[in-house]
Each structure stands twice: as C-alpha cells, then as structure tokens.
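This is what each chain is made of:
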Amino acid sequence: MTDTTAGQSPAPVQASAQVSAQAADPARERLRRWRLVLGGDQADGTGCTLSGRDAAMDGALAALYGKGDKAQTGRDRSAGLGASAPSVARWLGDIRDYFPSSVVQVMQRDAIDRLGLASLLLEPEMLQAVEPDVHLVGTLLSLHKAMPETTRETARAVVRKVVEELEKRLATRTRATLTGALDRSARVQRPRHHDIDWNRTIAANLKHYLPEYRTIVPERLIGYGRAARSVKKEVVLCIDQSGSMAASVVYASVFGAVLASMRSISTRLVVFDTAVVDLTDQLDDPVDVLFGTQLGGGTDINRALAYCQERITRPAETVVVLISDLYEGGIRDEMLKRVAAMKASGVQFVALLALSDEGAPAYDREHAAALAALGAPAFACTPDLFPEVMAAALEKRPLPVPDPA
C-alpha cells in the first residue's frame, strides 16, 4: 500500500458532508463510482478526482487490483501490498474500515490468490487481522500441516469462529426439517384425523370415486406417524477432500455434526483422496473434523464408496451422500457398479458436485451423466437447500434438483 493511503481516516464531519454532497448530485455519485471501478487510469474518461475517504478506498483497491490480472511479484508487488506481514496486516485493517464484510472476504480471497500471500497466514498477527469466512478456513486447512506451533491455536480459533457461525445459521432449520421428514416417513394405516396424509390417501382411493356425488369414499386412510426414538435412519457423508472441494468440506463437516446430534439419525462421515479416513468418532466437534482432513491430493471415489458400502447394514434405511467433483482417479466402471448395487439394495444415493454457495465447480460431465442414468442425478447444492435434499432422501421422494442456470 502506498504511504498516501495507509492509516488515513477523515474526520466524521468531513465524511458526512462529502456523503451529503454526493447524495444531492446523482450524476457526480455515478462518476465517483465509475472512477473507483476504473482505477484512475488516464483513459478512464471520468474526469473525477477523489479525496479524503474515497482516495483511501481507491488506494486500498489499487494495492490489490492496480496491476491487472497478472500476479504481482518482485518490484511490481512492492508498489502495492508488499510481501511483509505488517504491510498486509495494515491493508487488511483498512479494507475492514472501508468496505462491508462480504466485500472484505472477496478482497482477502483475491489477495491470497493473486499475490501469493497464503504463506503470511502462518503468522499469528496476520490471522488476527483477517475477516474469517469459509474460504479462509479452506486456505488454513490446506496450510495447517506447515503451521508452526505458535500459529496453530490462533488458526483453530479462526476456524472455530466460522464453524460456530455456520452452526448458528444452519442447525435449527436442519433439525426441524429432518425431524419432520422422519415423522412423515413413519406411515400409519389408522391415523388420527390431524395425522391424515390427504394427498396419499386420495391417491390410494381414486378407484372409489363416486361421480354422482363428485367425491371419493376413502376406504383406506394413510397418515403421518411419529418417529419413535428407537427408529433410526443411517446417513453416510462421503466427502472428496481434493483442493477444489474446500468449501464443501467445511459445510459438510458442520452438517455432519448437526446430523450426529439427532437421536433418530446415525451419521458416518468419511473423507477421501486416494486414501480413505473415517472421522465419525470426531463428529461431536466439527473443528476436529476439519483439522483431520488433508486438502489436496488425488481422488479415488471407487475406494471411498467401497469403504462406505461395506459398512451399510440397513440399506433400505440408509442415505449415502457423495460430495465430489467426480474426477475419478480410481476404477470408473467399478465406481458406477457400486452405485448401482447400493441403489438396487434400497440405499438412497445422493451425488452433490458441491455443497457451497458458489454453485457447481468444474466437474466430470461424463461421470455425472452416468450417475444420472442410474437414477442418481449429480448437482450442486447450496447449504440452504441441503436440509430439503436430505429430507427428500429420507422420505424416499424425488430430490429437489435445482434448475440449471
């Protein structure tokens, strides 16, 4: 960051007057925004000069984006963020003052990707300066084997903060949705009136339609049961831990912990690359699960599914969720045979290309088509949709597959 922008913060009265003037002149406000977007190149065409807080914001943006799309190295980078922890920590503090949290997270991610700053995250003072989010957790997990002891506890604190925020956001709705699905999956034939499933009852009694009365006489009632505590469903989360799946690993670990907390569901969590690791005994703490993963490496989906298949004891009551971009490094035909065999035995098989907010990553379209032909469509799933997907799988009804964009 240049010296003219570091640490400057205009007085509140000055900032307030500046905002008021901009609000009173929409044309000037548009020019100001375009000037911040275009970066002040001689050809930007705005003729707009920035001062005060706007100039400081522009300096923070230029430090990251001022050299174009090419990664900055050597002398180029010294004009921007530099490679020292104090310089970057100061810049991180500035952008948290100037921009909302969602924008800060994007800029942090870009700084790590464009400027190669990941190694600086091994320093405790850097971790204390960043805005924690899912992508930062993914980066920390990829680095944690190289972390010095002085940094590990700080890194765990950052990861725990993100995990606790995700649990707060997702846990209540997930438990409520899946508890309802478990109740509805326990059908009874002599329900009380308020437990009657009218859609299924009407469908089962269409042959008893009386045209003269324009009504159906229901000879058989179908109702919702109430799942007993002893009635359990089995859920197996099988997670690809290759580098591109970092956000999915974070979300899946949180959901795994939520599912494991429900008495009516027995949950197993398996992560894999070319090896398979069962992290089920760590599900009471998703932070331990995350630090038990090793992002990166190859992919052997067939081997992972073989491990999961061997541990299924109640196929008709089991849901297997494979979260992977489907780039198989193992035996493709064997992988597909295992999926077909599990489905034939009664297992509900769900294939997610990603469990994140970003949509589908690059994935193997041939393998996705092959799974779809087996009745297991592969699709990307947001964390907010995941409870509905699991509820549909538990009830053995069609999955709510999002329409492709």
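Preceding block: the structure.
None of the values given here were measured: they were computed from a predicted structure.

A. Spotlight on the packing of aromatic side chains. In total, this model carries 2 aromatic pairs according to the counting rule given. Ring geometry for Y98 against F99: centres 6.4 Å apart, planes inclined by 85°, an arrangement best described as edge-to-face. Like Y98, the residue F99 is buried in the burial classification. Considering the side-chain rings of F255 and F386, the 4.6 Å spacing of their centres and the 45° angle between planes classify their relative orientation as tilted. With a gap of 131 residues between them, F255 in helix α11 (residues 246-260) and F386 in helix α16 (residues 386-395) connect regions that are remote in the sequence.

B. Structural view of the pattern of salt bridges. This structure, assessed with the given rule, holds 17 salt bridges. Here E366 and R332 are joined by a salt bridge, their closest N and O atoms 3.7 Å apart. One end of the pair, E366, is in helix α15 (residues 365-373); the other, R332, is in helix α14 (residues 332-344), with 34 residues separating them in the sequence.

C. Local environment of the pairing of strand β5 (residues 233-240). Most of β5 sits inside the fold, with 8 of its 8 residues counted as buried. Where burial is concerned, the two faces of β5 agree: the one with K233, V235, L237 and I239 and the one with E234, V236, C238 and D240 are both buried. Where β5 lies against strand β6 (residues 265-272), 8 bridges are found, and the strand directions are parallel. Bridge pairing links V236 to R268 in β6. Chirality of the crossover, the property in question, places the unit of β5, α11 and β6 among those that are right-handed. Inspection of the sheet shows β5 paired to strand β8 (residues 318-323) by 6 bridges, in the parallel sense. Considered in β8, the bridge of E234 is made with T318.

D. Highlighting the side chain of T201. Inspection of the secondary structure assignment puts T201 in helix α10 (residues 198-204). For T201, a relative accessible area of 1% corresponds to the buried category. Non-local contacts of T201, meaning those with residues more than four positions away in its chain, are made with I196, P218, R220, L221 and I222.

E. Just helix α8 (residues 134-143), in detail. Extensive coverage of α8 is indicated by the burial of 8 of its 10 residues. Inspection of α8 places V134, L136, V137, G138, T139, L140, L141 and L143 among the buried residues, and these make up the whole buried set.

F. Spatial organisation of a nonpolar patch on the surface. A surface patch of nonpolar side chains, about 330 Å² in accessible area, is lined by W34, V37 and L38. Positionally, L38 belongs in helix α2 (residues 26-38). Given the relative accessible area of 40%, L38 is considered partly exposed.

G. Here's a closer look at the packing of α8 against α11. Relative orientation of the contacting elements α8 and α11 amounts to 105°, with a least axis distance of 8 Å. On the basis of the axis angle, α8 is roughly perpendicular to α11. Judged by residue contacts, V134, H135, V137, G138 and L141 of α8 engage A246, A247, V250 and Y251 from α11. Here the contact of α8 with α11 is composed, by residue class, of 7 nonpolar, 2 polar and no charged.

H. Region of the structure containing the sheet that holds strand β7 (residues 276-278). With mixed pairing, the 6 strands of this open sheet are ordered in space as β7-β6-β5-β8-β9-β10. Of all strands in the sheet, those with a lone pairing partner are β7 and β10 (378-381), marking the two edges. Adjacent strand axes in the sheet meet at a mean angle of 25° when their direction is disregarded.

Each value, and the rule that gives it
- Residues numbered from 1 in each chain as written.
- Predicted model: local features only at pLDDT ≥ 70, side-chain atom pairs only at ≥ 80, totals over all residues.
- Heavy atoms only, no water.
- Phe/Tyr/Trp six-rings, centres within 6.5 Å; stacked < 30°, edge-to-face > 60°.
- Buried < 20%, exposed > 50% of the residue type's maximum accessible area, 1.4 Å probe, protein only.
- Helix = DSSP H or I, 4+ residues; strand = E, 2+ residues; numbered from the N terminus.
- Salt bridge = Lys/Arg side-chain N within 4 Å of Asp/Glu carboxyl O.
- Pairing = 2+ DSSP bridges.
- Right-handed = clockwise from strand over helix to strand, strands pointing away.
- Contact = heavy atoms within 4.5 Å.
- Patch = residues over 30% accessible without salt bridge, like charges linked within 9 Å, V, L, I, M, F, W, Y side chains within 5 Å.
- Areas by Shrake-Rupley, 256 points an atom, 1.4 Å probe, with all protein chains shown as cover.
- Axes fitted to C-alpha atoms, helices over the stretch in contact; angles between N-to-C directions.
- Parallel < 35°, antiparallel > 145°, perpendicular 65-115°, else oblique.
- Nonpolar A, V, L, I, M, F, W, Y, C, P; charged D, E, K, R; others polar.

Just geometry here; none of it tells us what the structure is for.
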